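One letter stands for each residue in the lines below.
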Amino acid sequence: MSPDPLAPDPVLSAEDVSVKFGGLSALANVSLQVPSGRIVALIGPNGAGKTTMFNVLTGLQETTTGRVRFNGADISGWPTYRRGRAGIARTFQRLALFTRLSVSDNLVASWESSHRGGVFGRGRSLRQERVHQVMELLNLWPIADRLAGELSTGQGRMVELGRALCTDPHVLLLDEPGSGLDVKETAAFCDVLRTVVRGPSAPAVLLVEHDMTLVMEVCSALTVLDFGKVIACGSPEEIRNDELVRAAYLGDVSVA
Ligand SMILES: Nc1ncnc2c1ncn2[C@@H]1O[C@H](COP(=O)(O)OP(=O)(O)OP(=O)(O)O)[C@@H](O)[C@H]1O
Ligand SMILES: [Mg+2]
């Protein structure tokens, strides 16, 4: 149950993180690493502490112990907006789009909120270039002018990923992006994720997901939480065959 010794340096890591809500221990001395250029997953049953860990990594949740590092620097005291500016982007378990804006305007708004210097002159063309790239990558052109509030869940999840990508992230935290997707949409999402992490300035990805087909297909390593504790970490193969994980979680979900 040790992290992959051959993995590249972590772009983002949690060290010994604990969070308590009153008497409830939501996270107990949890460590995890997101190596650059990789897709890794954080899995576990409902209430295991996955979203709480995302909140810790993005600065929305204070910890009782532990620290968060980004490219080696201790960012535990940084507010959320500073972590966002530095290149940590996330999507939410419940869709968080501007429902009354079009798909393309949702992307534009995300680019503008994350890039200083405004949209005049060069800024305008940089914005257009990035938004177009992301529309292309995620195949959003056919729904570019649709209002975000009128989309299916699958389309909405793709737009949310697009908004995160428009911030030019170094690391992307995706909280249950497969939730509400049908089989075809899930397959398309897997393909997109693999494309997203390709290339020299591509972000690393930390994925929280209950769809084990998606997870096992795209991730190189997984950390498993149960009642706020790490019960295993390793490759998809190791996790699939781990007795403790099977008993706590995988016994209840289908694994491809
Ligand atoms: N703000 C809060 N106040 C009190 N308890 C909380 C709070 N947020 C989360 N919890 C509790 O902490 C535990 C971990 O919750 P968390 O949302 O992190 O789980 P999760 O692994 O994301 O679950 P799911 O798979 O259902 O999304 C749960 O018992 C939850 O009820
Ligand atoms: Mg959650």
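Right above here is the structure, for reference.
Below is a short write-up of the structure. Here the structure is a predicted model, which is why all the values come from computation and not from measurement. (Residues numbered from 1 in each chain as written. Chains lettered and ligands numbered in written order. Predicted model: local features only at pLDDT ≥ 70, side-chain atom pairs only at ≥ 80, totals over all residues.)

**Looking at the overall build of the protein**
Piece 1. Regarding its fold elements, the protein presents nine helices and 10 strands.
Piece 2. At 18 Å, the protein has a C-alpha radius of gyration in line with the 18 Å of a compact globule built from 256 residues.
Piece 3. Along the first, second and third principal axes, the C-alpha set of the protein runs to 55 × 40 × 40 Å.
Piece 4. Scored against the burial criterion, the 256 residues of the protein give a buried share of 39%.
Piece 5. Sequence separation of at least 24 residues holds for 68% of the intrachain contacts in the protein that already meet a minimum separation of 6. (Helix = DSSP H or I, 4+ residues; strand = E, 2+ residues; numbered from the N terminus. Rg over C-alpha atoms; globule rule 2.2 N^0.38 Å. Buried ≥ 20, exposed ≤ 12 C-beta atoms within 10 Å, placed from the backbone. Contact = placed C-beta atoms within 7 Å.)

**Brief notes about the packing of helix H3 (residues 103–114) against helix H4 (residues 122–137)**
Piece 1. Put simply, H3 and H4 touch, their axes get as near as 10 Å, and they point 130° apart. In this view, H3 runs oblique relative to H4, as classed from their interaxial angle. Crossing of H3 over H4 shows right-handed handedness. Within the contact between the two elements, H3 uses Ser104, Leu107, Val108, Trp111 and Glu112 and H4 uses Arg127, Arg130, Val131, Val134 and Met135. (Axes fitted to C-alpha atoms, helices over the stretch in contact; angles between N-to-C directions. Parallel < 35°, antiparallel > 145°, perpendicular 65-115°, else oblique. Left-handed = near helix turned anticlockwise from the far one by under 90°.)

**As for the sheet that holds strand E9 (residues 221–226)**
Piece 1. Taken together, six strands build an open sheet; the order of strands is E6-E7-E8-E3-E9-E10 and the sheet is mixed. A strand with exactly one partner marks an edge of an open sheet, and here the two such strands are strand E6 (88–91) and strand E10 (229–234). Strand after strand, the sheet turns through a mean of 15° between neighbouring axes, direction not considered.
Piece 2. Pairing between strand E3 (residues 39–43) and E9: four bridges, direction parallel. Following the sheet pairing, Val40 is matched in E9 by Ala221.
Piece 3. Its contacts with the sheet place helix H5 (residues 153–165) against E6 and strand E7 (171–175), and it is angled at close to 170° to E6. (Pairing = 2+ DSSP bridges.)

**Side note on the sheet that holds strand E5 (residues 73–74)**
Piece 1. With respect to topology, four strands assemble into an open sheet ordered E2-E1-E4-E5, the strand pairing being antiparallel. Both edges of this open sheet fall to strand E2 (24–35) and E5, since each of them pairs with a single strand only.
Piece 2. In this structure, strand E4 (residues 65–70) lies alongside E5, joined through two bridges in antiparallel fashion. When the bridges of E5 are listed, Arg69 appears paired with Asp74.
Piece 3. Running over the sheet, helix H1 (residues 50–57) touches strand E1 (10–21), E2 and E4 and is turned about 115° from E1.

**As for the environment of Pro142**
Piece 1. Mapped onto the elements of the fold, Pro142 is located in the loop between H4 and H5.
Piece 2. Overall, Pro142 belongs to the exposed group, with 10 C-beta atoms counted inside 10 Å.
Piece 3. Considering only alpha carbons, one finds Pro142 and Val171, 29 residues apart in sequence, at a separation of 27 Å.

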